[in-house]
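Secondary and tertiary structure notes
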Amino acid sequence: MCLNKVIEQLTQALGEENVLTEKEELAAYSFDATADIPKVVPQVVVTPTSTQQVQEVVKIAAKYKMPLYTRGSGTNLSGGTIPLNQGIVMVMVKMNKILEIDAENLTATVQPGVIIQDLNDAVAEYGLIYPPDPGTVATATMGGSVAECSGGLRGLKYGVTKHYVMGLEVVLANGKVMRCGGKTVKNVTAYDMVKLFVGSEGTLGVITEIIVKLIPAPETRKSALAVFRSLDDAAKAITGIIANKVIPATLEIMDNVTIRTVENYARVGLPTDAEAVLLIEVDGIPEVVEKEAEVVARVCRENNGELKLAETAEERDEIWQARRAALPALAQVSPTTVLEDATVPRSKIPDMLKALRHIAEKYQLTIGTFGHAGDGNLHPTILTDENNAEEMKRVHKAVDEIFEVALSLGGTLSGEHGIGIAKQKYLEKEFGEAGIEALKAIKKALDPENILNPGKILKF
Amino acid sequence: MACYDSLEKIKAEITKCMKCGNCQAVCPIYKEVMRETGVARGKIQIAKDLLEGRLEHTEKLQEIFNLCLTCKACAANCPSGVRPDKIILATRAAIVRKRGLPLVKRQIFGLMSKPRRFRMGIGMASKLQALGLKKIKDKDLARPRFPIGLDMKRIVRPLAGRPLLSQIPEVSKVPKSRARVAFFTGCMLNYIYTQAGRAVIEVLNANGVDVVTPREQHCCGIPVLVNGDVKTAKEIAKYNLDVFARGNYDAIITHCGSCIGAWVHHYHELLADEPRYGALAKELSAKAFDVSQYLVDKLGMREPLAKLNYTVTYHDPCHMVRGVGISQQPRKVIRNISGVTLKEMKKPDRCCGSAGSFSLSYYELSGKIRDKKVTDILSVNPDIVLTSCGACRMQLEEGLYRAGSDIPVRHVVEVLAEAYAKEGGVTSERKTG
């Protein structure tokens, strides 16, 4: 039996403690954080502790043509780590060393299993930060975050993960190790292989080492909460702030459904009749922060926003408590929470929000929307129950329409969650036939046997 | 909630889990084993598989569910408000119903269902323990001479020569009393840390409270419940309820997170379906207080006149801080003692790894979690470590001993009792002076 041979060889290469075969252990790797995605139990789970062990696993998978699914903490929201065709799940969490913090060059070199927050804690001693901060920052691994190109609350000013990855070590599908990029700020040598692997969702290679860029921690920050009776006013404030040459670190929006749910859950004093609230934070040098906060306040007021500026750390916490409560509050309303990731140019935010309201009415669903207004990345969150088959049909239709609208507004399928299984059916709509062919050509060139995370992003 | 009687009853709680994985950030077990089965999310999805027939009640499944400290850190950190601790206990109970208990636990729990025989058993053990335990020189600690159910490397506090209940009078009265309370001693204080038990009575007396310590009281039953033996847990709950319903007390005072949790939450949860005991459990739950909580919230404790000179740090027992939400009161007690400085360690509420019988079954793993705690304690370098739980205390004593430290571990009220006692000295000095 082929599986027995595979297990035998994996055990030989990794040691018994790094190979899980009992069905109860395997069942725990049949899912990730994505709602409404099938569970699939892998045939074996491995936890390598070195690049060399990863190479061994990839070689064994290639030899026996076993699908290989690389995974970090499994916090992803696109079904990207589901072992669709069973095979081997390779969990990278044991490769969790911070190899170097180079304060002179403002870089850190880490293994893929390092938790993002742990890196941030370590560089804080040098007065530095690693800016990408997905909601799962305390749990998600660097490897998974690089593979999914995750975003977060600071995307507007600081960008997403791909803007911070400078170099990678990758185990290719043939088991060989390649390195690309490095510590130099300028690097234009050949194809940008670093960017190619960032966001490749485990389909092109296995990331075993990551060099990231660090930046000086902002000296100070200031937060404000602005309440709007009209969606259009909120939207005008969003574009107005940026048009006035202020790029906030964070510019978040919550719609009325979210406001009401958060208020009901956390009692943080939000006005339940408001159409939208914006949560804004500017950071940087104190003088600049002061000036920028004034601009933010002026623009919000000019657009009929009621503004509350946090004067103390406690007030700042109160403001962000509301935002942090958004997903939990929505999640507690119903058994199943379908969290989407539609992204549009920020000027189209009101159009998108109105479309979402229309879609909710049309399919008789509760959709709460919150998200990163400043960068146009919205999280329409559908509150449903996966045991209700009829309602789930409507959910699926609504999701289809959400992405159709996002694309028609010049947006994209994903701002920070990736494609995985969840959004691959829409991919051609964004990329076109020629684009899909190009993507497939890349995948075929790097993984001709389709061993690495098969069934994700692209269908073969 | 009758979730301990049927796994079906916990289904709604299981469905609430969004599988976000946030529990990984705070689970002490996951940090050590790095396996999805170690953390709440994995266990909850496995419980779901069990409920929906994709997995069976295997030994492996039982092992997975045993691998939990019930420290409730996952529950406190869950954005969806899921109570993984309840799901885990309910699943343990379901597995025990199907597979039964291992022989050793069956024998011990069998003994626990009979309070008198249990007391006799421990009494004999206390007399015979010298045969099995070898005392460590200059320490109040011992290690096993041969495997007596303990890991051979384990360091323990030996049983007290006489249990607390036979050292103290049943009623400790004060002149002009403000209240009359019943003292629920629990096992750790009754059989091991009897000094702490006397301190509870002394500080209550010093605050003008009469203390009755009912002789017939029994273990709170939590060790039995967390091991999935719901039947015995119910028997113990009823027994204690009967004993404490007999006197007309203003309050029932405990001194340990598990005991207070039993009185405040578990008895009612276990017996909710039984009209008489359900109502009684609810009634008495309103009267149950941890000793620090009672001193601070109910009595407005009297600040001792005498001054001590200690720097202390406080370890929050999981069942105290997350189980019943008590963390400020013991700190207030400490701060109310003049001359005592509270220096907080990093993450004072992180589990010490003891988790009662968990440390018996998983000694190595428990030790790794404990050593992280000890490192945090040592970085503060206190004169004394204070806590509110006997099981945590024993775990920390072992950890500190292994780290080569002489820092003692005591219950919060022991230091308070010391301050009150010294107060007497101050007064008499004044008299003679």
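Residues numbered from 1 in each chain as written. Chains lettered and ligands numbered in written order. Predicted model: local features only at pLDDT ≥ 70, side-chain atom pairs only at ≥ 80, totals over all residues. Heavy atoms only, no water.

Some details on the interface of chain B and chain A
- The interface of chain B with chain A comprises 29 residues on the first partner and 32 residues on the second.
- Both faces considered, chain B and chain A share a buried interface measuring about 2,500 Å² in area, 55% of it formed by carbon and sulfur atoms.
- The interface formed by chain B and chain A holds 6 salt bridges in total.
- Between E22 of chain A and K60 of chain B there is a salt bridge whose closest N-O contact spans 3.2 Å.
- With 6 residues, helix 3 (residues 40-51) of chain B is the single largest residue contributor to the side of chain B that touches chain A. (Contact = heavy atoms within 4.5 Å. Buried area = accessible area lost by both parts, 1.4 Å probe. Salt bridge = Lys/Arg side-chain N within 4 Å of Asp/Glu carboxyl O. Helix = DSSP H or I, 4+ residues; strand = E, 2+ residues; numbered from the N terminus.)

A few points about the sheet that holds strand 5 (residues 98-102) of chain A
Residue and element names in this part refer to chain A.
- Ordered in space as 5-6-10-8-9, the 5 strands form an open sheet in which the pairing is antiparallel. The sheet terminates laterally at strand 5 and strand 9 (177-181), the two strands that pair on one side only. Taken over all neighbouring pairs, the strand axes of this sheet differ in orientation by 10° on average, direction set aside.
- By the bridge criterion, 4 bridges tie strand 6 (residues 107-110) to strand 10 (residues 206-213) in an arrangement that is antiparallel. Counterpart to T107 in the pairing with strand 10 is K213.
- Lying over the sheet, helix 3 (residues 51-63) contacts strand 8 (165-171), strand 9 and strand 10, oriented at roughly 50° with respect to strand 8.
- Sheet strands in contact with helix 4 (residues 116-124) are strand 5, strand 6 and strand 10, and its direction is about 40° off that of strand 5. (Pairing = 2+ DSSP bridges. Axes fitted to C-alpha atoms, helices over the stretch in contact; angles between N-to-C directions.)

Section: the UniProt feature "domain: FAD-binding PCMH-type" (unreviewed entry) in chain A
- When the UniProt feature table is mapped onto this chain numbering, "domain: FAD-binding PCMH-type" (unreviewed entry) sits at residues 38-217 of chain A.
- Between the C-alpha atoms that bound residues 38-217 of chain A there is a distance of 41 Å. The span itself is 21% helix and 24% strand. (UniProt positions renumbered as here; feature names shortened; annotations may be inferred.)

Re a nonpolar patch on the surface
- A cluster of nonpolar side chains, contributed by M124, L128 and L131 of chain B, occupies part of the molecular surface with about 330 Å² of accessible area.
- Note on L131 of chain B: relative accessible area 58%, which makes it exposed. (Patch = residues over 30% accessible without salt bridge, like charges linked within 9 Å, V, L, I, M, F, W, Y side chains within 5 Å. Areas by Shrake-Rupley, 256 points an atom, 1.4 Å probe, with all protein chains shown as cover. Buried < 20%, exposed > 50% of the residue type's maximum accessible area, 1.4 Å probe, protein only.)

What to know about the sheet that holds strand 7 (residues 288-290) of chain B
Residues and elements named next belong to chain B.
- Read across the sheet, 5 strands follow the order 3-5-4-6-7 without closing on themselves; strand pairing throughout is mixed. One side of each edge strand has no neighbouring strand; the edge strands of this open sheet are strand 3 (171-172) and strand 7.
- Across 4 bridges, the pairing between strand 4 (residues 179-183) and strand 5 (residues 209-212) is parallel. Bridging from a neighbouring strand, A179 pairs with V209 of strand 5.
- Sitting on the sheet, helix 16 (residues 291-299) is in contact with strand 4, strand 5, strand 6 (251-254) and strand 7, with an inclination near 105° to strand 7.

Focus on the packing of aromatic side chains
- For the structure shown, the criterion picks out 9 aromatic pairs over all chains.
- Here the aromatic rings of F118 of chain B and Y191 of chain B are separated by 6.2 Å at their centres, their planes lie at 85°, and the arrangement is edge-to-face. Here F118 of chain B is found in helix 8 (residues 115-132), whereas its partner Y191 of chain B is found in helix 10 (residues 186-192), with 73 residues between them in sequence.
- Residue classification places Y191 of chain B among the buried positions, given a relative accessible area of 9%.
- Seen from the ring of Y164 of chain A, K213 of chain A lies directly overhead, with NZ or CZ sitting 5.4 Å from the centre.
- K440 of chain A extends its terminal NZ or CZ atom over the ring of F460 of chain A, reaching a point 5.5 Å from the ring centre. (Phe/Tyr/Trp six-rings, centres within 6.5 Å; stacked < 30°, edge-to-face > 60°. Lys NZ or Arg CZ within 6 Å of the ring centre and 35° of its normal.)

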